[in-house]
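Commentary on secondary and tertiary structure
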Amino acid sequence: MSAPVPPPASDTPARLTRVLAATDLSAGGRRAARRAAQLARSHRAALTLLTVIPAWDELVQTLAGVMGAPVPTRAMIEADAAAALDALAAELRGEPALTIDTRVAFGRPAQEIAAGAAQAAADLLVLGAHGAHPVRDLLLGTTVQKLLRTSPCPLLVSKHAGGDYARVLAPTDLSDAARGALAAAAALFPSAQLHVAHAFELPYEGLMQHAGVDAAAVDAYRAAARERLLPELARWADAAGVPPARRRLHVAHGYPPRCIDQWVDRCGADLVVMAPWSKPPIEAAFIGSVSLHTALAARCDVLLMRGGAAGRGGPPRRSTQAAAQAAASCGSTRTSKFTELDMKQLACALSCSARARSACAGSASVTCGCSTTSTIRILPSLIASVPVA
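Residues numbered from 1 in each chain as written. Predicted model: local features only at pLDDT ≥ 70, side-chain atom pairs only at ≥ 80, totals over all residues. Heavy atoms only, no water.

1. Thoughts on the side chain of His250
- Mapping His250 onto the fold places it in strand β8 (residues 247-253).
- In terms of polar contacts, His250 uses its side chain to reach the side chain of His195, at 2.9 Å.
- In contact with His250, not counting residues within four places along its chain, are His195, Val196, Ala197, His198, Leu233, Trp263 and Cys267. (Helix = DSSP H or I, 4+ residues; strand = E, 2+ residues; numbered from the N terminus. Polar contact = N/O pair within 3.5 Å; in protein donor to acceptor, adjacent residues only side chain to side chain. Contact = heavy atoms within 4.5 Å.)

2. Quick look at the confidence of the model for the protein
- Considering every residue of the protein, the mean pLDDT works out to 75; 65% of them sit at 70 or more.
- When pLDDT is averaged over each element of the protein, strand β6 (residues 167-171) comes out on top at 97 and strand β12 (residues 375-377) at the bottom at 34.
- Of the regions scoring below 50 in pLDDT, residues 1-9 engages in 13 contacts with residues more than four places distant in sequence or in other chains.
- Contacts for the low-pLDDT stretch residues 307-320, under 50 throughout, to residues beyond four places or in other chains number 33 contacts. (pLDDT = per-residue confidence, 0-100.)

3. Details of helix α9 (residues 215-239)
- Over its 25 residues, α9 runs 36 Å from end to end, which matches the ideal 36 Å to within 8%, given 1.5 Å per residue.
- Those residues of α9 lying buried are Ala217, Val218, Tyr221, Ala224, Ala225, Leu229, Glu232, Leu233, Ala234, Trp236, Ala237 and Ala239.
- Backbone nitrogen of Ala216 and a side-chain oxygen of the N-cap are separated by 2.8 Å at the start of α9; the cap is Asp214.
- Of the residues flanking the end of α9, it is Gly241, one or two places downstream, whose phi is positive at about 80°. (Expected span 1.5 Å × (residues − 1). Buried < 20%, exposed > 50% of the residue type's maximum accessible area, 1.4 Å probe, protein only.)

4. Re helix α1 (residues 27-42)
- In this model, α1 (16 residues) spans 23 Å end to end at C-alpha, consistent with the 22 Å of a helix rising 1.5 Å per residue.
- Restricting attention to buried positions, one finds in α1 the residues Gly28, Gly29, Ala32, Ala33, Arg35, Ala36, Ala37, Gln38, Leu39 and Ala40.
- Packing partners of the buried residues in α1 comprise β1 (18-22), β2 (46-54), α3 (74-93), β4 (124-128), β5 (155-158) and β10 (301-304).
- Arg44 occupies a position one or two residues after α1 and carries a positive phi of about 55°.

Written out as structure tokens, the structure reads:
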């Protein structure tokens, strides 16, 4: 018997030593600072409060000067920000007293926040979900997206300043990076109930629907895939070192961001912990990522891992293969490699053959009646032979 696979090393230690809270001193920023203070106190860690005076504020000052309006100097702005941070630190220090230092920076928020986290050697960066300015709130997505790439440590997008996290949702794409995130969550929040969740989509399901495969057959494939994925998810959670007593498993068919939103509501999660899901950079830039959507849309706090195993994105997902194998359980024999078939011939066969629309009827093959005649296995076997990229 092979030895169990140890969870991948995470960039988040079991106990935090330095937490950095980036705040714009708005109500949302202060909530984030309170959450950071609560985590720092529970881990006996030091806390750094950072506020960034954005570059566009300097532009406003320049325009005001041109128009003859009174313009505060940079030194005055820095002094005001430092005084506000000191007052916030005094409010948060409490008993037992936290070790808190404050910093004021000028420039681009994402760049200065990442630099501040690196300079402080922070284990965790905490950022508020909403600021004082609606226009800046529109840019939060850009800031979080940039910090996902540039932050030297995990990023907590804080939306509530409540107590300890009791229910943690850990969505996973079954990668090593996600397993590292789950292991880190289990260590950081030892009293929390962990909800480990996986969303899947059947390969070529759209093609099945286009071909007129009946809804009952498609539902059967989904149910079979879910039954096969549940034990795989359990083994994956075991490898992360999370015992059955601490976890609840969830597997659902659907678009991952939508499933995550639903799980947050159903589980009553007060924190989502996830690693950035693997996606090509161009696709992530134009469509967005699961991580970014969750950070902005979830009603609870979201902890986004990066660096170490989480930052590399791990190996490709295995859920497509598992779903494909589950679909194959409805069909007959497994075929040879799917790469030997032409997609055009597959679509043609599905569209032209009535037998292809009753994929679970037990027919061994389907013959397309078009000009290019090809004999192919029935749909479940075809799906089962899809290679995992």
